[in-house]
Structures are given as structure tokens and as C-alpha cells.
Amino acid sequence: MDPLVIPILVAAIVVVFLVASTVRIVPQARRYNIERFGRYRRTLQPGLNFVVPVADRVNTKLDVREQVYSSDPRPVITEDNLVVNIDTVLYYQITDPRAAAYEVADYLQAIDQLTVTTLRNVIGSMDLEETLTSREEINSRLRAVLDDATGKWGIRVNRVEIKAIDPPATIKEAMEKQMRAERDKRAAILHAEGERQAKILTAEGTKQKDILEAQGTQQAMILRADGEAKAVELVFQAVHRNNADPKVLAYKYLETLPHLASSDNNTFWVIPGELTEAVRTVTSAFGDQSTAGPPTPARPDDAATADDTSHESRVPELGAGSTVSLDAAKAADEAEKQAAAAVSDAKAEAAAAMSPQVPRRGQTSGD
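What counts as what
Residues numbered from 1 in each chain as written. Predicted model: local features only at pLDDT ≥ 70, side-chain atom pairs only at ≥ 80, totals over all residues. Heavy atoms only, no water. Helix = DSSP H or I, 4+ residues; strand = E, 2+ residues; numbered from the N terminus. Buried < 20%, exposed > 50% of the residue type's maximum accessible area, 1.4 Å probe, protein only. Contact = heavy atoms within 4.5 Å. Areas by Shrake-Rupley, 256 points an atom, 1.4 Å probe, with all protein chains shown as cover. Axes fitted to C-alpha atoms, helices over the stretch in contact; angles between N-to-C directions. Parallel < 35°, antiparallel > 145°, perpendicular 65-115°, else oblique. Left-handed = near helix turned anticlockwise from the far one by under 90°. Nonpolar A, V, L, I, M, F, W, Y, C, P; charged D, E, K, R; others polar. Expected span 1.5 Å × (residues − 1). Arc of directions from axis to C-beta. Core = buried A, V, L, I, M, F, W, Y, C linked by side-chain atoms within 4.5 Å. Salt bridge = Lys/Arg side-chain N within 4 Å of Asp/Glu carboxyl O. Phe/Tyr/Trp six-rings, centres within 6.5 Å; stacked < 30°, edge-to-face > 60°. 1 Å grid on protein atoms, 1.4 Å probe; cavity = no way out; pocket = protein on both sides within 12 Å on 5 of 7 lines; lining within 4 Å. Points joined across faces, edges and corners; volume = space filled by probe spheres on them. Pairing = 2+ DSSP bridges.

Is there a simple way to think about the overall build of the protein chain in this case?
Counting its secondary structure elements, the protein chain contains ten helices and nine strands. Every one of the 367 residues in the protein chain was classed for burial, and the buried ones make up 24%. In the protein chain, of all internal contacts separated by at least 6 residues, the share reaching a separation of at least 24 is 65%. For the protein chain, the exposed surface amounts to about 25100 Å²; the carbon and sulfur share of it is 57%.

Here's what the structure looks like:
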């Protein structure tokens, strides 16, 4: 073997090593801190970089992307002396690789401890109820404290979120009972409100119904009264237009009397004082008409018969001062019979007067 080959090979290996030590390729979103003889020199950016062999070395390799750090649950005491376990999630990003490497020994541990102490300070001024309902306020206060403290470390805290707040089991049970009672209360209130609204609507409907029924009854009564008024007016006009004499009116009066006692609810009825006058008027009227007819030959027996007939047809007068029997039912029946008899007799005499061919009472067919 040629004695020059070995030195050449050694020299080649040294050259390759030096070249390899000179070139540094940094990936994207990475930063390399370079120290020269133990002192910070510079930070390599992504891409191809050259360093001085042997003199320069890479101290730390940092990822500048946004990182997520989830801490373990930590016990925290509230203002009302209750211990709750709080689990937080931290979103941070390295903005200054030199400060992150040389200003703090372990930035993750520093951030974790700072989060715990800040939580204890914030939660210690709140009671349990406020702690459970003020997550947004706790997050904003944590972020403000952490961002201010970690700025000199070359780290920016983007977000801090409380992942869970776990109170003791007894407190959980009490809170569940309270929530159940609140839900029952709301349900009872809603049920009562529904019943109240239903009753109000029912009352309004009943009121509207009564108003409409009353208005309908009022309109019906008005129309009925108008009809009766028009009927009375027409009857009054017909009577005056035909110039009815007192005889016709007395006759209609007697026709109306039997209807006074036709109702089943009447236990007694009063006999008007004008009954005698009306009967006398009708009787005299029909008597005048009978005398106005053609004369017939008079016979002694016929005169006796006529006197008996006229005596029989004469209606007993009921004067205004005459006394009526104390028995109202008997008096009513008697008055009704008398009125019906008077009306029938008056009709018979009127028919006899209007028809001269019909034989009068008391005449025989041979006469």
C-alpha cells in the first residue's frame, strides 16, 4: 500500500467532518440558539445556515408554534372555605427564543406554578357560587397576569381556559338538590301562571257570552215591543177608521172575558165593575135591532111567551156595590158562566134579528 493513501484518507475525513459541522439546516417553525465558546452568538432561522466549526455549537432547539399545555387539577380554597379542584388549559407561543432559553430555566414549570398561584389569588376572593358562574372573568384575569409575567421570558400567553371545576361530593349533592328545587319551583310557577291565564280567558269568554246574550235579549225585546206597538197602532187605526160604536166594543169586551180564567195558574180572578154595563149595552143593542125588524102579528100566548123569553134572556146585573161570595173559585166559575150565557144569548138574538125568516122563540111552526 502506498504510504501516502492513509494521510489522504485522514485529511478527507477531517474535511468532510468540518464541512458537516459548518452547515446547519433549520426546519420551518424552529429556532436554534448558537453559542460560541459557551456564549450566546445568534439564533438560526429556518433554512441553510453556516457556523464556525468547533467554535459554534447549537445550545437549544425551540418550536415557535403555538403550544397547548394542560395542567393537573390543583386544589384551590374559595372565600367560603370550600376546596375545589381546578384544571386549566394554557395556550402559549415563544416569541423570543433567546429569552425563552436564557431568562428562565424551565418556562413550562414556571408557567404552571404561576397559573396555580394566580388561581388561588383570584378564587380566594370569590365564593363557590361566584366561582362557578364567573369563568370568563377568571380566564381574563389569569391571562392578564400570565401575559405580563411571561413577557420577559419571551413567551406570549394567548388564552387561558378553565377546563373543569370540581367541588366536593357533598357540595355537588346539595347543589343538585337546590337545582331540583329551583326547577320544581319554576314548574309550579309556570303551572300556576297557565291556570291563571286559563281562568282569565274563561272569565273573559263567559263575560263576552253574557254580554252577547244580553244584547240579543235586548234586541229581541225591542223588536217584540216594536211589533206589539205596531199591532196596537194598526188596531187603533182600524177601530177609528171604521168608527166602531160602543156596542161593538162591548161585544168584543165580552168575548175577551172567558179568556181571563182559561189559564191553569189562575186560582181566582176579579170580576170587572164594567161587566154589567157591557152586558146591558150588548143586550140593549141586540134588542133594538130585533125591534127594528118587520112586525109580526101579536097573540096573547105569544106575548106571554115573549115576556117569559125576555125574562129568561135578561142577564142578572152585577152592580158595583154588590157583594161577591167569599169563595173566590165559586165566584169565578159563576161569573164565567154568566158571561158565557150572556154572550150566547146575545149571539142568538143577533142571529134572530138578522134572519126574519127564522121563527122567533115562543112561536110554533104552525103560526
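Next, the rest of the story.
Teacher, can you tell me more about the packing of helix 3 (residues 107–123) against helix 5 (residues 135–150) here?
In helix packing, the relevant descriptors are the interaxial angle and the interaxial distance, both defined with respect to the helix axes. Helix 5 packs onto helix 3 with a crossing angle of 140° between their chain directions and a minimal axis gap of 10 Å. With respect to helix 5, the element helix 3 is oriented oblique. In this structure, helix 3 crosses over helix 5, and the sense of that crossing is right-handed. When helix 3 is examined against helix 5, the residues Ile-111, Leu-114, Thr-115, Thr-118, Leu-119, Val-122 and Ile-123 are found in contact with a partner set consisting of Ile-138, Arg-141, Leu-142, Val-145, Leu-146, Ala-149 and Thr-150. Of the residues belonging to the contact of helix 3 with helix 5, the class tally is ten nonpolar, three polar and one charged.

Teacher, can you tell me more about helix 5 here?
Here helix 5 spans 22 Å end to end across 16 residues, near enough to the 22 Å set by a 1.5 Å rise per residue. Here helix 5 has its buried residues at Ile-138, Asn-139, Leu-142, Leu-146 and Thr-150. The buried residues of helix 5 occupy an angular sector of 95° when the element is viewed end-on, so they sit on one face. Along helix 5, exposed side chains directed more than 90 degrees from the buried face belong to Glu-136 and Asp-148.

So what exactly am I meant to see when it comes to the nonpolar core here?
Within the largest apolar cluster, 28 residues are counted, with the highest numbers of intra-cluster contacts made by Ile-86, Leu-90, Ile-138 and Ile-155. Counting only elements with at least two residues in this core, the list comes to strand 8 (83–94), helix 3, helix 5 and strand 9 (155–166). Counting residues per element, this core draws most heavily on helix 3, at seven residues. Other than its neighbours up to four places away in sequence, Ile-86 contacts Asp-72, Pro-73, Arg-74, Val-76, Leu-119, Ile-123, Ile-162, Ala-164 and Ile-165.

Would you explain unusual backbone geometry in this entry?
Note: most peptide bonds trans; most residues except glycine with negative phi. Here the phi dihedral of Val-54 falls at roughly 70°; this positive angle occurs in a residue that is not glycine. By the element assignment, Val-54 lies in the loop between strand 4 (47–50) and strand 5 (56–63). Looking at Val-54, the relative accessible area reads 71%, which means it is exposed. Its identity is not glycine, yet Asn-81 carries a phi of approximately 60°, on the positive side. As for its position among the elements, Asn-81 is in the loop between strand 7 (74–77) and strand 8. Judged by relative accessible area, which is 65%, Asn-81 ranks as exposed.

What is the right way to read the pattern of salt bridges from this model?
A complete count under the given rule lists ten salt bridges for this structure. One salt bridge in this structure joins Glu-193 and Arg-196, with 3.8 Å as the shortest N-O distance. Here the residue Glu-193 and the residue Arg-196 both occupy positions in helix 6 (residues 169–242), the gap between them amounting to three residues, near one helical turn. According to the relative accessible area criterion, Glu-193 is partly exposed, its value standing at 44%. Since its relative accessible area comes to 48%, Arg-196 is described here as partly exposed. When salt bridges with common partners are traced through the structure, they connect Arg-30, Asp-63 and Arg-65 into a single cluster.

Help me out: how do you make sense of the packing of aromatic side chains in this one?
The description of two aromatic rings rests on the distance between their centres and on the angle between their planes. Taken as a whole and judged by the stated rule, the model has two aromatic pairs. An angle of 65° between the planes, with centres 5.6 Å apart, marks the rings of Tyr-40 and Tyr-102 as edge-to-face. In this pair, Tyr-40 sits in strand 3 (residues 39–44) while Tyr-102 sits in helix 2 (residues 97–102), placing the two residues 62 residues apart along the sequence. Residue class for Tyr-102 comes out partly exposed when judged on its relative accessible area of 32%. Here the aromatic rings of Tyr-92 and Tyr-107 are separated by 6.1 Å at their centres, their planes lie at 65°, and the arrangement is edge-to-face.

What's the story with empty space enclosed by the protein in this structure? I'm lost.
In this approach a probe as big as a water molecule rolls over the atoms, and the regions it shows empty are the leftover space. Under the definition given, this model contains two cavities of 30 Å³ or more. If you add up the space inside the second largest cavity, you get close to 30 Å³. Around the second largest cavity sit Tyr-69, Ser-71, Thr-88, Leu-90, Asp-112 and Thr-115, which together line it. Within the residue set of the lining of the second largest cavity, elements represented by two or more residues are strand 8 and helix 3. Residue classes in the lining of the second largest cavity are distributed as two nonpolar, three polar and one charged.

Looking at this model, I keep getting lost on the sheet that holds strand 3. Mind explaining?
The pairing of strands in a sheet happens through backbone hydrogen bonds and is either parallel or antiparallel. Taken together, the three strands give an open sheet; going across it, the order is 3-2-5, and neighbouring strands pair in antiparallel fashion. The open sheet has two edge strands, strand 3 and strand 5, and neither has a second partner. Sheet twist, expressed as the mean angle between neighbouring strand axes with direction ignored, is 25°. Strand direction decides the pairing type here: strand 2 (residues 30–36) and strand 5, joined by seven bridges, are antiparallel. Looking across to strand 5, one finds that Asn-33 is bridged to Thr-60.

In this structure, what is going on with the environment of Pro-46? I would like to understand it.
Position of Pro-46 among the secondary structure elements: in the loop between strand 3 and strand 4. Between the C-alpha atom of Pro-46 and that of Pro-27, which follows or precedes it by 19 residues, the distance is 5.2 Å. Those residues in contact with Pro-46 that sit more than four places away from it in its chain are Val-26, Pro-27, Gln-28, Ala-29, Arg-30 and Arg-31.

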